[in-house]
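Residues per chain are reported as follows:
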Amino acid sequence: MDDPATCRPTAVHPSYSRDHGIAFSEAVRVWAKIACLSFGGPAGQIALMHRILVEEKRWIGEERFLHALNYCMLLPGPEAQQLATYVGWLLHRTRGGIVAGALFVLPGLVTIMILSWVYVAFGDVGLVTGLFFGLKAAVLAIVLEAINRIGRRALRNRVMVAISAAAFAAIFLFNVPFPLIILAASIFGYLGARSGSAAFSGGGSHGPATGFVLADADSALGEGVPEHARPNLGWALRLSAVLLALWLVPVMGLLLTFGTGDVFADIAVFFSKMAVVTFGGAYAVLAYVAQQAVEHYRWLEPGEMLNGLGLAETTPGPLIMVTQFVGFLAAFRVPGSLNPYIAGTLGGLLTTWVTFVPCFLWIFLGAPFIERLRGNRALLGALSAITAAILNLAVWFGLHVLFAEVDEVQAGPLSLDIPQITTLDPAALVLFAISLLALFQWRVGVVPTLFGAAGLGALWQLV
């Protein structure tokens, strides 16, 4: 067993000794609830987890939650699902992480699969189109509410506001790759913290300017390091070997059996590569998947990629579940000797498997070392700057919900998405405004807002 003194200075983070008292069965119920309510893309899902885990249940403190979130922002793949895995692991070891991460994916997997069947069987159905139309408007409002929640915590001073503004300009004006923005923000934050600047310090300033912020010491988990969360090289290697086998053995098996050019082998290889190289969360993934799936593999048309995004945006679970829709259509259209619906189902499940198994690997391998460094001021400054750099991801979705056509204008190194004002959808704007009022003014909650907007959208379509 590691010497606690080697893991963290006890004056800052005392060793973990108390039992948090959270039953595993209760945690399973909470993770299932979070999974079923996880609409709104990564921003909405992270805000939902914060509200339930920090504010309502008080299982984990504010600083620890943001520290885990910032680490997940650095990883390839869906940060919200990885955050659930991280917190589940902190609370109930490996089984807690597996259950939390798997449950986070399950509702979206089932829903996207059903909707994929409906899509290929019936195409555009008026009632279904109306439901999705209303849901999109509500999801946009939910994302903005989530941005407001997280922004009050991350943009706590002028320096963090400046970092966020610079990140926004880099993405939307110069098309700078998101991983480079994350790298620049982390370096800037690290150097700022090393210099002793208060702008990059941790503490309660992560929270909103007003209102209660749950301190780590006052949470059920406490501020110390759980025994199982301390780095253990042997455990890390054993678990990594198991996860690598679960991930790569099916890929190698398909390649050896069918060779390149087979749709299932191509799906396994492509989405495995995606799981490694796509940093920056779901929004970074979308551009990469769209380019490869539409232009290189020709699995689907550009418009169908947007349809898949609409399905993923308006169903629970990670936004990256759009990849399951892509895998379904790829195998459905080249089924070989299989029934197209069976082939599509297998293609969708294979896509989900090779997309999410690596996410568990990144968390179980790296989280113990990140926990050990939780008291490191320079690392905290770097991660805090990353939080400030990701608060602009709702704009792209908003443009495409409210406007039928968005033009990309190029002027030298500048590249800007400008909506055509004449294509503003009044119905979408009205539903969006109603959803905003429901969330911010009437405070009716996420689920009633979603159902209400979906009903209004269906009614509009029927009329």
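Shown above is the structure to which this text applies.
Read on for an overview of the structure. (Residues numbered from 1 in each chain as written. Predicted model: local features only at pLDDT ≥ 70, side-chain atom pairs only at ≥ 80, totals over all residues. Heavy atoms only, no water.)

**Describing helix α17 (residues 426-441)**
Line of reasoning, step 1. Here α17 is 16 residues long and its end C-alpha atoms lie 21 Å apart, about the 22 Å a rise of 1.5 Å per residue gives.
Line of reasoning, step 2. Within the span of α17, buried status applies to Ala-427, Ala-428, Leu-431, Phe-432, Ser-435, Ala-438 and Leu-439. Buried residues of α17, seen end-on, are gathered within an arc of 130° and therefore sit on one face of the element. With respect to the buried face of α17, the exposed residues turned more than 90 degrees away are Pro-426 and Gln-441.
Line of reasoning, step 3. At the N-terminal end of α17, a side-chain oxygen is found 3.1 Å from the backbone nitrogen of Ala-427, two or three residues along, and the residue is Asp-425.
Line of reasoning, step 4. A positive backbone phi angle near 50° is found at Arg-443, which sits one or two residues after α17. (Helix = DSSP H or I, 4+ residues; strand = E, 2+ residues; numbered from the N terminus. Expected span 1.5 Å × (residues − 1). Buried < 20%, exposed > 50% of the residue type's maximum accessible area, 1.4 Å probe, protein only. Arc of directions from axis to C-beta. Polar contact = N/O pair within 3.5 Å; in protein donor to acceptor, adjacent residues only side chain to side chain.)

**A few points about unusual backbone geometry**
Line of reasoning, step 1. Of note in the backbone geometry, Arg-298 takes a positive phi value of approximately 55° without being a glycine.
Line of reasoning, step 2. Note that Arg-298 resides in the loop between α11 (282-296) and α12 (302-313).
Line of reasoning, step 3. Overall, Arg-298 belongs to the exposed group, its relative accessible area being 65%.
Line of reasoning, step 4. Located in the positive-phi region is Arg-443, a residue other than glycine, with phi close to 50°.
Line of reasoning, step 5. Positionally, Arg-443 belongs in the loop between α17 and α18 (446-462).

**Describing helix α7 (residues 158-174)**
Line of reasoning, step 1. Compared with the 24 Å implied by 1.5 Å per residue over 17 residues, the 23 Å span of α7 between its first and last C-alpha is a close match.
Line of reasoning, step 2. Along α7, the residues that are buried comprise Met-160, Ile-163, Ser-164, Ala-167, Ala-170, Ile-171 and Phe-172.
Line of reasoning, step 3. Asn-175 occupies a position one or two residues after α7 and carries a positive phi of about 55°.

**Points about the nonpolar core**
Line of reasoning, step 1. Counting residues in hydrophobic clusters, the biggest one holds 109 residues, and the most contacted among them are Trp-31, Met-49 and Trp-299.
Line of reasoning, step 2. Element by element, the count of residues in this core is highest for helix α5 (residues 79-122), at 17 residues.
Line of reasoning, step 3. In this view, Trp-299 contacts Val-263, Asp-266, Ile-267, Phe-270, Phe-271, Ala-293, Val-326, Leu-329, Ala-330 and Arg-333; residues no more than four positions away in its chain are not counted.
Line of reasoning, step 4. The next biggest cluster of nonpolar side chains, apart from the first, holds 6 residues, and it includes Met-160, Ala-185, Ala-193 and Phe-200. (Core = buried A, V, L, I, M, F, W, Y, C linked by side-chain atoms within 4.5 Å. Contact = heavy atoms within 4.5 Å.)

**Observations regarding the packing of aromatic side chains**
Line of reasoning, step 1. Scanning the entire structure with this criterion turns up 13 aromatic pairs.
Line of reasoning, step 2. By way of ring pairs, the aromatic residues Trp-117, Phe-328, Phe-332 and Tyr-341 are connected into one cluster.
Line of reasoning, step 3. The ring of Phe-24 carries the charged tip of Arg-95 above its face, separated from the ring centre by 3.9 Å. (Phe/Tyr/Trp six-rings, centres within 6.5 Å; stacked < 30°, edge-to-face > 60°. Lys NZ or Arg CZ within 6 Å of the ring centre and 35° of its normal.)

**Re the packing of helix α2 (residues 24-36) against α5**
Line of reasoning, step 1. Closest axis-to-axis distance for the α2/α5 pair is 9 Å, and the angle between their directions is 35°. For the element pair α2 and α5, the recorded crossing hand is right-handed. Touching Phe-24, Ala-27, Val-28, Trp-31, Ala-32, Ile-34, Ala-35 and Cys-36 of α2 are Ala-84, Val-87, Gly-88, His-92, Arg-95, Gly-96, Val-99, Ala-100, Leu-103, Phe-104 and Pro-107, all from α5.
Line of reasoning, step 2. Residues that form the contact of α2 with α5 fall into these classes: 15 nonpolar, 3 polar and 1 charged. (Axes fitted to C-alpha atoms, helices over the stretch in contact; angles between N-to-C directions. Left-handed = near helix turned anticlockwise from the far one by under 90°. Nonpolar A, V, L, I, M, F, W, Y, C, P; charged D, E, K, R; others polar.)

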